[in-house]
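# Per-entry structural report
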Amino acid sequence: MIVFRSRQCLAIYVLTLSMLQRGYCLQGPSSKIKLQSCDIKCRRDLRLLDNAESLLQGLRGGGEEESEYLAEKNELKNEAISNELSSPIKFLSVLISGILGVIKSNLSTGSSLVGFASLIAVSASALIPLAIIHQSYSFTVGYGASVAAMSLALLYAFSVPSLLSAIKLKSSPALLANCCLLYGIRLTSFLLLRNWNSPVRREQIKSKDTSSKLKRIPSALSISIFYAFMVSPVYFALFYENKISLSGSVLEKVQWVGVGLAFLGLSLEAISDLHKYIVKRNNNAEYGGSVFVGPTGGAYALCRHPNYLGEMMFWSGVYLGGSVVSIQKSIGGWACGTIGLYGITLIMRMASKRLDEKQNNVYGGQPKYEEWKARVKASLVPFSE
């Protein structure tokens, strides 16, 4: 058994063992502590110095030993931070960690206004770089990436469980967040795949780069705000989930209808996009071709643009599932979601109208196209003309 004559000797003994375990060296007599190993590779090593400082501060009398140790301890800490930030990878890691911490704090614990502003920032951080690469990405690849980025931020900030766990927990806001993530990832990957396999599309994308890269930023920022409006019902549903109870109410049933509609719309759009892609690939039909090859069956037997219908259904479900919460707690939040839904609905209706006109101009008079158009009269909403 080791017997110590004073608390100071005990502290020095503990410090010696701790330092040696971590590769540090103590030199000199017990009355003078000197640290020599300065190879601190990460912030975890700083905890040892902090613990040592706490031990020394607990000594009565302090004096020269404590002052000398604290001076060298601060020198080592500054060197550790300097070494850490000197590595680009470590610096990037620290930067990303800090940004994620701020985003999580603003989204989950700040005011709803600050949280929504953070949602816009996340949307812009995903969209603007892609818009700089190609101007048209603001409405295609950047659109999907922005939705995916915002969904990931919400999942992280509110510690949302995975899709399977959300199903078991029967959490409708969590299911909406996971649905948005699936939507963003699916859309982004599909558009990239389609562009990669179509030289004509790639050339068309390049031809639309009409403005300078810097001039695209303000436009991309305004579009980012619109995308944040579209996702805002999910944010407000998560933000107020523990502050309002819908259990057993009619609004809870409405919320679940929204969740179901969102997943149904996601599925319809994904299946329709894939169906059209496969038919065109199998028939070697390049984008902008003059021969109509379909598809004419499946979802395309219900309406001529089921992928647009699926998108409208998806965002209607997101709005329905989230607005039942926001309308009770935040009229501003409800208004943001309403603007987002109105905007995307208007865009889809205009897009289907433009595509009808384009198809009539290109395929008009071709038997297969005319037969399909006569049989499927609905452009966007089934059983309507």
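Residues numbered from 1 in each chain as written. Predicted model: local features only at pLDDT ≥ 70, side-chain atom pairs only at ≥ 80, totals over all residues. Heavy atoms only, no water.

## Overview of the pattern of salt bridges
Definition in use: Between Lys or Arg on one side and Asp or Glu on the other, a salt bridge is scored when a side-chain nitrogen of the former is within 4 Å of a carboxyl oxygen of the latter. Strands here are runs of E lasting at least two residues and helices are runs of H or I lasting at least four, both read from the DSSP assignment and numbered beginning at the N terminus. Remark: exposure states derive from per-residue accessible area (1.4 Å probe, protein chains only) relative to the maximum for the residue type, with buried under 20%, exposed over 50%, and partly exposed in between.
In total, this model carries five salt bridges according to the counting rule given. For the salt bridge of Glu269 with Arg186, the shortest nitrogen-to-oxygen distance reads 3.6 Å. Separated by 83 residues along the polypeptide, Glu269 in helix α11 (residues 250-282) and Arg186 in helix α8 (residues 172-196) bring together distant segments of the chain. There is no split in this pair, since Glu269 and Arg186 are both buried. As a salt-bridge pair, Arg216 and Asp209 come within 4.0 Å of each other at their nearest N and O atoms. When its relative accessible area of 25% is taken as the criterion, Asp209 is described as partly exposed. Linked through salt bridges whose partners overlap, the residues forming this network are Arg186, Glu269 and Asp273.

## Quick word on the packing of α8 against α11
Stated formally: Axes here refer to lines fitted to C-alpha atoms; in helices the fit is confined to the stretch in contact. Angles between the N-to-C directions go from 0 to 180 degrees. Reported orientations rely on four angle classes, namely roughly parallel under 35 degrees, roughly antiparallel over 145, roughly perpendicular from 65 to 115, and oblique for the rest. Take the far helix as the reference: if the near one is turned anticlockwise from it by less than a right angle, the crossing is left-handed, and if turned clockwise, right-handed. Contacts are assigned to residue pairs that have any heavy atoms within 4.5 Å of one another.
For the pair α8 and α11, the least separation of the axes is 10 Å and the interaxial angle reads 10°. With respect to each other, α8 and α11 are oriented roughly parallel. In terms of crossing hand, the pair formed by α8 and α11 is left-handed. When α8 is examined against α11, the residues Ser172, Pro173, Leu175, Leu176, Cys179, Leu182, Tyr183, Arg186, Leu187, Phe190, Leu193 and Arg194 are found in contact with a partner set consisting of Gln255, Trp256, Val259, Ala262, Phe263, Leu266, Glu269, Ala270, Asp273, Leu274 and Tyr277.

## What about helix α5 (residues 112-133)?
We apply this condition: Helix span, expected: 1.5 Å multiplied by one less than the number of residues in the helix. What is called the bend at a residue is the angle between a pair of axes, fitted to the seven residues leading up to and ending at it and to the seven starting from it.
Taking 1.5 Å of rise per residue, the 22 residues of α5 would be expected to cover 32 Å, and the 32 Å separating its terminal C-alpha atoms lies within 8% of that figure. At Ala124, α5 shows its largest kink, close to 25°.

## Focus on empty space enclosed by the protein
Let me state the cut-off plainly: A pocket here means an open set of points on a 1 Å grid, computed over the protein atoms alone, that has protein on both sides within 12 Å along at least five of seven lines. A cavity is instead a set of points where a 1.4 Å probe fits but cannot get out; residues with an atom within 4 Å of a point line either one. Grid points are joined across faces, edges and corners, and a volume is the space filled by probe spheres set on the points.
Taken as a whole, this structure holds one cavity of 30 Å³ or more when the rule is applied. Met230, Pro233, Trp315, Val318, Tyr319, Gly337, Gly340, Leu341 and Ile344 are the residues that line the largest cavity. Counting residues per element, the ones that place at least two in the lining of the largest cavity are α10 (216-239), α12 (306-329) and α13 (331-363). Ranked by residues supplied to the lining of the largest cavity, first place goes to α13 with four residues.

## Describing the packing of α11 against α12
As a reminder of what qualifies: Note on residue classes: Ala, Val, Leu, Ile, Met, Phe, Trp, Tyr, Cys and Pro are nonpolar, Asp, Glu, Lys and Arg are charged, and everything else, Gly too, is polar.
In contact at an axis separation of 7 Å, α11 and α12 are set at 160° when each is read in the N-to-C sense. If you check the angle between α11 and α12, you find them roughly antiparallel. Handedness of the α11/α12 crossing: left-handed. In the contact of α11 with α12, the residues fall into 17 nonpolar, ten polar and three charged.

## Re the side chain of Ser198
Relative to the helices and strands, Ser198 is located in the loop between α8 and α9 (199-207). Judged by relative accessible area, which is 4%, Ser198 ranks as buried. Apart from residues lying up to four places away in sequence, Ser198 is in contact with Glu286 and Tyr287.

## Quick word on the nonpolar core
Note the cut-off: For our purposes a nonpolar core is just a set of buried Ala, Val, Leu, Ile, Met, Phe, Trp, Tyr and Cys residues, chained together by side-chain atoms within 4.5 Å.
Ranked by size, the top nonpolar core spans 77 residues in total, and within it Leu107, Tyr143, Leu154, Phe158, Tyr235, Phe314 and Trp315 carry the most contacts. Taken together, the elements giving at least two residues each to this core come down to α4 (88-108), α5, α6 (141-157), α8, α10, α11, α12 and α13. Take this core: its biggest share by element is 13 residues, from α10. Counting six residues, the second-largest nonpolar core is a separate cluster that includes Tyr300, Tyr363, Tyr369 and Val376.

## Quick word on α10
Compared with the 34 Å implied by 1.5 Å per residue over 24 residues, the 32 Å span of α10 between its first and last C-alpha is a close match. Val231 marks the point of greatest bend in α10, at about 50°, and the proline Pro233 comes within the next four residues. Within α10, 18 of the 24 residues are buried, leaving the element largely enclosed by the surrounding structure.

## Considerations on the confidence of the model for the protein chain
Put simply, the rule is: Confidence scores here are pLDDT values: one per residue, from the predictor, ranging 0 to 100.
With 75% of its residues at a pLDDT of 70 or more, the protein chain has an overall mean of 81. Segment residues 1-10: pLDDT under 50, and nine contacts once partners within four positions in sequence are set aside and those in other chains are kept. Confidence drops under pLDDT 50 across residues 19-46; counting only partners more than four residues distant or on other chains, this segment forms 57 contacts.

## A word on the state of the cysteines
We count it as follows: Pairs of cysteine sulfur atoms within 2.5 Å are identified as disulfides in what follows.
Under the criterion given, the structure shown has zero disulfides. Sulfur of Cys179: no disulfide; nearest cysteine sulfur belongs to Cys180 and is 6.1 Å away. For Cys179, a relative accessible area of 0% gives the class buried. Judged by relative accessible area, Cys180 falls into the buried class, the value being 1%.

## Comments concerning unusual backbone geometry
Note on backbone geometry: most residues besides glycine have negative phi, and most peptide bonds are trans. Pro295 follows Gly294 through a cis peptide bond whose omega is 10°. Tracing the backbone through its elements, the reader meets Pro295 in the loop between α11 and α12. A positive phi is found at Ser159, a non-glycine position, where the angle reads about 50°. As for its position among the elements, Ser159 is in the loop between α6 and α7 (163-169). Positive phi values are uncommon outside glycine, yet Lys170 reaches one of about 55°. Checked against the element boundaries, Lys170 lands in the loop between α7 and α8.

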